Amino acid sequence: MTVTEEHVRTVPPAKEARVTDEHGRRVRAGELVWRYVLLLLVLAVTVGPFLWQLSTSLKGPTEDIFGSPPGFLPEHPTLHNYQRVADTIPVWDYALNSLKVAGASVVTNCVGSALAGYALARLRYRGRRIATLVFILAMLVPVEGIIIAQFTTMRELGLNNTLIGVVLPGSVGAMNVLLMRNAFLNLPYEIEEAAYVDGANAWQRFLRIALPSVRGTLAVVAIFAFMGAWDDFLWPLIVLSDPSKFTLTIGLNYLHGTFANDERLVAAGTVIAVAPLIALFACLQRYFFRGVGEGAVKG
């Protein structure tokens, strides 16, 4: 027997490529096809409207956007509609106001939710379960039911028609506090116990041990806080009356009122409003998916 023949006999046969699920079970071809079909349908429903708005915003005035069958790709792409939005309303000033509100909301929610979540998860004191129940009940109260009380409070504090008055009611969200609480609960107690034996106080254990371990959940809280503040329309509309302090969502409403028949202009304004959210999620998506698991509610 030659060396080549012996090598051929000793080499094991190549395994057949298989598609398996997260538990290692083999996925049949028909089931795999149905999964991809469902994913494509969900993608079309969720991403399709934004792509259509993007396509409409790039179409010139001579292109028919209501033709049948509709043309998805613009024949002569142009950015003139975005320039018209800037000429119609001070869109960049409104965007700056929205950025201030959203940035402040991210900071207050991350700091406040982390502190409250750590206190609910790790500290031992009387009434901790009642405090947790209060945050859960706060999630069940609709915003519309307390918006008059919020407006009255802002007026009494002298914060009416200010960006601080826009930020303050949503500075710490109940859902964000519960997310941070669940993330801290998933951390092993042994690490903090060792730090406690070494003489670390509560602040040192929070800043040096617990907080770096839940950065993914902090990213989730940051994304939720930014999206909530950036997309909010009702509360800024109620509390703000000075046009120079309008946020982007309120300012874009003028496009619907003045140019209700110009869908290209409205689509361009919509893309301007959605672009920062896409950029934020693209930057934090790695931490976002990791944070969903950190802050998951235990069954």
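Placed above this text is the structure.
Heads up: these notes are all about the structure in this document.

## Things to note about the overall build of the protein chain
Looking only at helices and strands, the protein chain has 14 helices and 0 strands in total. Secondary structure elements of the protein chain occur, N-terminal to C-terminal, as α-α-α-α-α-α-α-α-α-α-α-α-α-α. In the protein chain, buried positions account for 34% of the 299 residues. Taking the contacts inside the protein chain whose residues are at least 6 apart along the sequence as the reference set, 71% of them involve residues at least 24 apart. Surface exposure of the protein chain reaches about 18900 Å², of which carbon and sulfur atoms provide 65%.

## Observations regarding helix α8 (residues 174–185)
Given a rise of 1.5 Å per residue, 12 residues ought to cover 16 Å, and the 17 Å separating the end C-alpha atoms of α8 matches this to within 8%. Of all the 12 residues making up α8, 9 are buried; the element is thus mostly covered by neighbouring parts of the structure. Of all the residues in α8, the buried ones are A174, N176, V177, L178, L179, M180, N182, A183 and F184.

## A look at the packing of aromatic side chains
Under the defined criterion, the tally for this structure stands at 6 aromatic pairs. With centroids separated by 5.4 Å and ring planes inclined at 85 degrees, the aromatic side chains of Y118 and F184 adopt a geometry described as edge-to-face. With Y118 in helix α4 (residues 91–121) and F184 in helix α8, this pair connects stretches of sequence that are 66 residues apart. No difference in accessibility class separates Y118 from F184, as the two residues are buried. Joined through ring pairs, the aromatic side chains of Y118, F184, W203 and F206 make up one cluster. Over the ring of Y189 we find R122, and its NZ or CZ is 4.1 Å from the ring centre.

## Thoughts on the packing of α4 against α8
Between two packed helices, the angle of one axis relative to the other and the distance separating the axes together describe the packing. Contact pair α4 / α8: the axes reach a minimum separation of 7 Å and the direction vectors enclose 50 degrees. In terms of axis orientation, α4 runs oblique to α8. Taken as a pair, α4 and α8 cross one another with a handedness that is right-handed. Between α4 and α8, the residues in contact are N109, S113, A114, A116, G117, Y118, L120 and A121 and N176, V177, M180, R181, F184 and L185, respectively. Classifying every residue of the contact of α4 with α8 gives 9 nonpolar, 4 polar and 1 charged.

## Overview of the packing of α4 against helix α11 (residues 215–231)
Two elements in contact, α4 and α11, have axes separated by 8 Å at closest approach and are oriented at 145 degrees. In this structure, α4 crosses over α11, and the sense of that crossing is right-handed. Every residue of α11 that contacts α4 at A95, S98, L99, V101, A102, S105, V106, N109, C110, S113 and A114 is listed here: L218, V221, A222, A225, F226, A229 and W230. Class assignment for the residues of the contact of α4 with α11 results in 14 nonpolar, 4 polar and no charged.

Definitions and cut-offs
- Residues numbered from 1 in each chain as written.
- Predicted model: local features only at pLDDT ≥ 70, side-chain atom pairs only at ≥ 80, totals over all residues.
- Heavy atoms only, no water.
- Helix = DSSP H or I, 4+ residues; strand = E, 2+ residues; numbered from the N terminus.
- Buried < 20%, exposed > 50% of the residue type's maximum accessible area, 1.4 Å probe, protein only.
- Contact = heavy atoms within 4.5 Å.
- Areas by Shrake-Rupley, 256 points an atom, 1.4 Å probe, with all protein chains shown as cover.
- Expected span 1.5 Å × (residues − 1).
- Phe/Tyr/Trp six-rings, centres within 6.5 Å; stacked < 30°, edge-to-face > 60°.
- Lys NZ or Arg CZ within 6 Å of the ring centre and 35° of its normal.
- Axes fitted to C-alpha atoms, helices over the stretch in contact; angles between N-to-C directions.
- Parallel < 35°, antiparallel > 145°, perpendicular 65-115°, else oblique.
- Left-handed = near helix turned anticlockwise from the far one by under 90°.
- Nonpolar A, V, L, I, M, F, W, Y, C, P; charged D, E, K, R; others polar.

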